[in-house]
Amino acid sequence: MRVVADGSRVISRDTSERRREITTMIRARGSVQVAALSEMFNVSMQTIRKDLHYLEERGVATRAYGGAISTEVVNAPVEPALETKRASHTEAKERVGRLAAGMVKPGESIMLDSGTTTLQIARFLPDDEDLTVVTNDFDILSVLAQKRKIKIVMLGGELRRRNMAFYGAQTVAALDDMSLDKVFLGVDGLDIERGVTTHHEPEAQLNRRMVETAREVIAVTDASKFGKICLHRIIGLADLDALVTDADAPAYIDEAATRLGFHLHRA
């Protein structure tokens, strides 16, 4: 190995040596990014992807959007069944949903991400003819369809039956011409360092596009999701405008809200 004169890049000529160094970095940092590793080792991103695939096969890391995460970091590896989600923490989700619904103003256009907490927002929204709701969630559509005045925009795509929501290129493309006031993001995992995460990569991709379309980004979650990290990162907590949670949320989230600059609402 040699280091160039300015010290900004490390050039490794030995594949096994490079992979050992990447392994050390993953274990020390928890995650790595393909682009950064490509520049650091002065090799192509395709070469780095092969390295990460090699390390994934050996249980060192799990591939994630744009990089890889240490298998020691991902602590919520299994997505619960939809029936389990619906039955868990129902009272807390109702309180969070009611509070979040109260944040919607007449005349606004909002996005409701798929999820059992965002479903509660749909339940508590006022039936206002000036309100437009966009969603990719079949259950949310069913609730909103019972309201006579709300304008509903359903995103198409491929139905994922595990959570009864639509995903795919068609779903993402449907957002290209939209400009929304608020997006309410459901949460599978929420961690101070890793941010908002989810189990399903197409969901993370769609959620990031949702965030780009909205002027205000609001995450909604009950306290059970704090400290959990799922495989696919959506956004960091600093990218949130607000977080709506319940009274059992850990005390450290107050300090994080102040430090990272988002509004914290407890139901």
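Figured I'd write up the structure that's included with this text. If you're wondering where the values come from, they're calculated on a predicted model, not measured in any experiment. (Residues numbered from 1 in each chain as written. Predicted model: local features only at pLDDT ≥ 70, side-chain atom pairs only at ≥ 80, totals over all residues. Heavy atoms only, no water.)

### A few points about the overall build of the protein chain
This is how it is decided: The way it works is that DSSP assigns letters per residue, a run of H or I at least four long becomes a helix, a run of E at least two long becomes a strand, and they are numbered from the N terminus. Exposure is judged per residue with a 1.4 Å probe applied to protein chains only, and the accessible area is read against the type maximum: over 50% gives exposed, under 20% gives buried, and values in between give partly exposed. In this analysis, two residues are considered to be in contact whenever any of their non-hydrogen atoms come within 4.5 Å of each other. The method behind every accessible area is Shrake-Rupley, applied with a 1.4 Å probe, and residues are considered shielded solely by the protein chains displayed.
When you go through the protein chain residue by residue, the secondary structure sums to 10 helices and 17 strands. Counting every position in the protein chain, which comprises 267 residues, the buried fraction comes to 50%. Relative to all contacts within the protein chain whose residues are 6 or more apart in sequence, the contacts with residues 24 or more apart total 61%. Accessible surface, the protein chain: about 12800 Å² in total, of which carbon and sulfur atoms supply 48%.

### A look at the side chain of Thr-116
By secondary structure assignment, the location of Thr-116 is in helix α6 (residues 116-124). Under the relative-accessibility criterion, Thr-116 is labelled buried at 13%.

### So, the nonpolar core
Put simply, the rule reads: What is meant by a nonpolar core is a set of buried Ala, Val, Leu, Ile, Met, Phe, Trp, Tyr and Cys residues, joined one to another through side-chain atoms within 4.5 Å.
With 30 residues, the main nonpolar core has Met-111, Leu-190, Ile-235, Leu-240, Leu-243 and Ile-253 as its most contacted residues. If you list the elements that add at least two residues to this core, you get β10 (165-167), β11 (180-185), α9 (201-213), β14 (214-220), β15 (232-235) and α10 (252-260). In terms of residues, this core owes the most to one element, α9, which gives 4 residues.

### Quick look at the packing of helix α2 (residues 34-41) against helix α3 (residues 45-57)
Between two packed helices, the angle of one axis relative to the other and the distance separating the axes together describe the packing. What counts, and what does not: Every angle, taken between N-to-C directions, lies between 0 and 180 degrees, and every axis is a line fitted to C-alpha atoms, over only the stretch in contact when it is a helix. We call two directions roughly parallel when the angle between them is under 35 degrees, roughly antiparallel when it is over 145, roughly perpendicular when it lies between 65 and 115, and oblique otherwise. Left-handed describes a crossing whose near helix is turned anticlockwise from the far helix by less than a right angle; the clockwise case is right-handed.
Between α2 and α3, the least distance of the axes is 9 Å, while the angle of their chain directions is 110°. Relative to α3, the element α2 lies roughly perpendicular. When you trace α2 past α3, the crossing you get is right-handed. Together, Val-34, Ala-35, Leu-37 and Ser-38 of α2 and Met-45, Ile-48, Arg-49 and Leu-52 of α3 make up the contact between the two elements.

### A closer look at the sheet that holds strand β3 (residues 31-33)
The following threshold applies: Here the rule is simple: two strands pair whenever DSSP picks up at least two bridges between them.
With antiparallel pairing, 3 strands are arranged side by side in an open sheet as β3-β5-β4. Only two strands of the sheet have a single neighbouring strand rather than two, namely β3 and β4 (61-64). The sheet shows a mean angle of 20° between the axes of neighbouring strands, direction not considered. Inspection of the sheet shows β4 paired to strand β5 (residues 67-70) by 4 bridges, in the antiparallel sense. Paired with Arg-63 across the bridge in β5 is Ala-68. In this fold helix α1 (residues 15-29) packs onto β3, β4 and β5, with an angle of close to 125° to the strand it touches most, β3.

### Observations regarding α2
Residue pairs spaced three or four apart in an α-helix point in one direction, given the helix's 3.6 residues per turn. Our working definition: The arc in question is the one traced by the directions running from the helix axis out to the C-beta atoms.
What α2 keeps buried is the set Val-34, Leu-37, Ser-38 and Phe-41. Projection of α2 onto a plane perpendicular to its axis shows the buried side chains occupying an angular sector of 105°, all on one side. Positive phi appears at Asn-42, one or two residues downstream of α2, with a value of about 55°.

### Some details on α3
Short version of the rule: What a helix is expected to span follows from its residue count: subtract one and scale by 1.5 Å.
In this model, α3 (13 residues) spans 18 Å end to end at C-alpha, consistent with the 18 Å of a helix rising 1.5 Å per residue. Taken residue by residue, α3 has Ile-48, Asp-51, Leu-52 and Leu-55 as its buried positions. One side of α3 holds all its buried residues, which, seen down the axis, span an arc of 95°. Structural note: α3 exposes Lys-50 and Glu-57 on the side pointing more than 90 degrees away from its buried face. Contact partners of the buried residues in α3: α1, β3, α2, β4 and β5.

### Considering the packing of α1 against α3
Put simply, the test is: Only Asp, Glu, Lys and Arg are considered charged, only Ala, Val, Leu, Ile, Met, Phe, Trp, Tyr, Cys and Pro nonpolar, and every remaining residue, Gly among them, polar.
At a minimum axis distance of 10 Å, the contact between α1 and α3 shows a crossing angle of 70°. In terms of orientation, α1 and α3 fall into the roughly perpendicular class. Here the hand of the crossing between α1 and α3 comes out right-handed. In this structure, α1 uses Thr-15, Arg-18, Arg-19, Ile-22, Thr-23 and Ile-26 to contact α3, whose residues at the interface are Thr-47, Ile-48, Lys-50, Asp-51, Leu-52, Tyr-54 and Leu-55. Considered class by class, the residues forming the contact of α1 with α3 number 6 nonpolar, 3 polar and 4 charged.

### Observations regarding unusual backbone geometry
For residues that are not glycine, phi is negative in most cases, and the peptide bond is trans in most cases. Positive phi values are uncommon outside glycine, yet Asn-42 reaches one of about 55°. Tracing the backbone shows Asn-42 in the loop between α2 and α3. A relative accessible area of 40% places Asn-42 in the partly exposed class. Located in the positive-phi region is Met-164, a residue other than glycine, with phi close to 55°. Within the secondary structure, Met-164 sits in the loop between β9 (158-160) and β10.

### A look at the packing of aromatic side chains
Centre distance and the angle of the planes are the two values used to describe a pair of aromatic rings. Quick reminder of the rule: To pair, rings of Phe, Tyr and Trp, with the six-membered ring standing in for Trp, must have centres within 6.5 Å; the planes then decide the type, stacked if under 30 degrees apart, edge-to-face if over 60, and tilted in the middle. The rule is short: NZ of Lys or CZ of Arg within 6 Å of the ring centre and within 35 degrees of the ring normal puts a charge over the ring.
Under the criterion given, the structure shown has 0 aromatic pairs. The ring of Tyr-54 has Arg-19 lying over it, and the distance from NZ or CZ to the ring centre is 4.3 Å. The ring of Phe-124 is capped by Arg-123, whose NZ or CZ atom sits 5.0 Å from the centre of that ring.

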